[in-house]
Amino acid sequence: MKPMSVEEKLGQNKFVVDEGNPHIVLDQEKCKTCDPRPCIKACPASLYKLEDNGEMSFDFAGCLECGTCRVVCPNGALTWNHPRPTFGIFYRYG
């Protein structure tokens, strides 16, 4: 049996998205003052993207809820809360 890749393992997870209540909210003004943008490289799911207009975008729907972005953000530009009960990621592998 061939070992599963990381992408295949992550594909086994179930995401229940709370569309009206994101658990991570970005302060765009604080994001604009951040030069190293460590969240882009630190997010294991690659959910942070720098747009052409200089604003940061984030897709909370695929969040692994690891909290890495909260730790590496030097400007306090994000508000991070655990998703409400029954929402968020449900790990199905490992």
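Higher on the page you've got the structure.
A brief structural summary. Small disclaimer: the values here were computed from a predicted structure and weren't measured.

To continue, consider the overall build of the protein chain. The helix and strand tally for the protein chain stands at four helices and six strands. Along the protein chain, from the amino end to the carboxyl end, the secondary structure elements read α-β-β-α-α-β-β-α-β-β. If one aligns the C-alpha atoms of the protein chain with their principal axes, the spans along those axes are about 50 × 30 × 25 Å. For the protein chain, with 94 residues in total, the buried portion stands at 28%. Of the contacts formed within the protein chain by residues at least 6 apart in sequence, a portion of 66% connects residues at least 24 apart. With an accessible surface of roughly 6400 Å², the protein chain has 53% of that area assigned to carbon and sulfur atoms. Distance between charge centres in the protein chain, computed from 11 positive and 12 negative side chains, equals 7 Å.

In this section: the pattern of salt bridges. As enumerated under the stated definition, the model contains three salt bridges in all. Between Asp18 and Arg84 there is a salt bridge, with the nearest N and O atoms lying 2.6 Å from each other. On the criterion of sequence distance, the pair formed by Asp18 in the loop between β1 (14-16) and β2 (24-26) and Arg84 in the loop between β5 (78-80) and β6 (88-90) is long-range, its members being 66 residues apart. By sharing partners, the salt bridges in this structure join Glu29, Lys32 and Glu55 into a single network.

Before going further, it helps to spend a moment on the nonpolar core. Burial of nonpolar side chains together is a common tendency in soluble globular proteins. Core analysis: the largest hydrophobic core is formed by 15 residues, its most contacted members being Ile24, Leu26, Tyr48, Met56, Phe58, Cys69 and Leu78. For this core, the secondary structure elements donating two or more residues are β2, β4 (56-58) and β5. Residues within four places of Leu26 in sequence aside, it is in contact with Cys31, Tyr48, Met56, Ser57, Phe58, Ala77 and Leu78.

Another aspect to go through is the packing of aromatic side chains. Scanning all chains against the criterion turns up one aromatic pair. Sitting above the plane of the Trp80 ring, Arg70 keeps its charged end 4.4 Å from the centroid.

A few words on the environment of Ser57. Following the sequence through the fold, Ser57 ends up in strand β4. Between the alpha carbons of Ser57 and Ile40 there is a distance of 10.0 Å; along the sequence they are 17 residues apart. Excluding anything up to four places from it in sequence, Ser57 contacts Leu26, Leu47, Tyr48, Lys49 and Glu51. In terms of polar contacts, Ser57 uses its side chain to reach the side chain of Glu51, at 2.7 Å.

On to the side chain of Arg37, then. Here Arg37 shows up in the loop between α2 (28-32) and α3 (38-42). Despite its burial, Arg37 pairs with no opposite charge; the closest candidate is Asp35, at 6.3 Å N-O. Within the local environment of Arg37, its side chain forms a polar contact with the backbone oxygen of Cys34, the two atoms lying 2.7 Å apart.

Cut-offs and rules
Residues numbered from 1 in each chain as written. Predicted model: local features only at pLDDT ≥ 70, side-chain atom pairs only at ≥ 80, totals over all residues. Heavy atoms only, no water. Helix = DSSP H or I, 4+ residues; strand = E, 2+ residues; numbered from the N terminus. Buried < 20%, exposed > 50% of the residue type's maximum accessible area, 1.4 Å probe, protein only. Contact = heavy atoms within 4.5 Å. Areas by Shrake-Rupley, 256 points an atom, 1.4 Å probe, with all protein chains shown as cover. Lys, Arg positive; Asp, Glu negative; His and termini not counted. Charge placed at Lys NZ, Arg CZ, Asp CG, Glu CD. Salt bridge = Lys/Arg side-chain N within 4 Å of Asp/Glu carboxyl O. Core = buried A, V, L, I, M, F, W, Y, C linked by side-chain atoms within 4.5 Å. Phe/Tyr/Trp six-rings, centres within 6.5 Å; stacked < 30°, edge-to-face > 60°. Lys NZ or Arg CZ within 6 Å of the ring centre and 35° of its normal. Polar contact = N/O pair within 3.5 Å; in protein donor to acceptor, adjacent residues only side chain to side chain.

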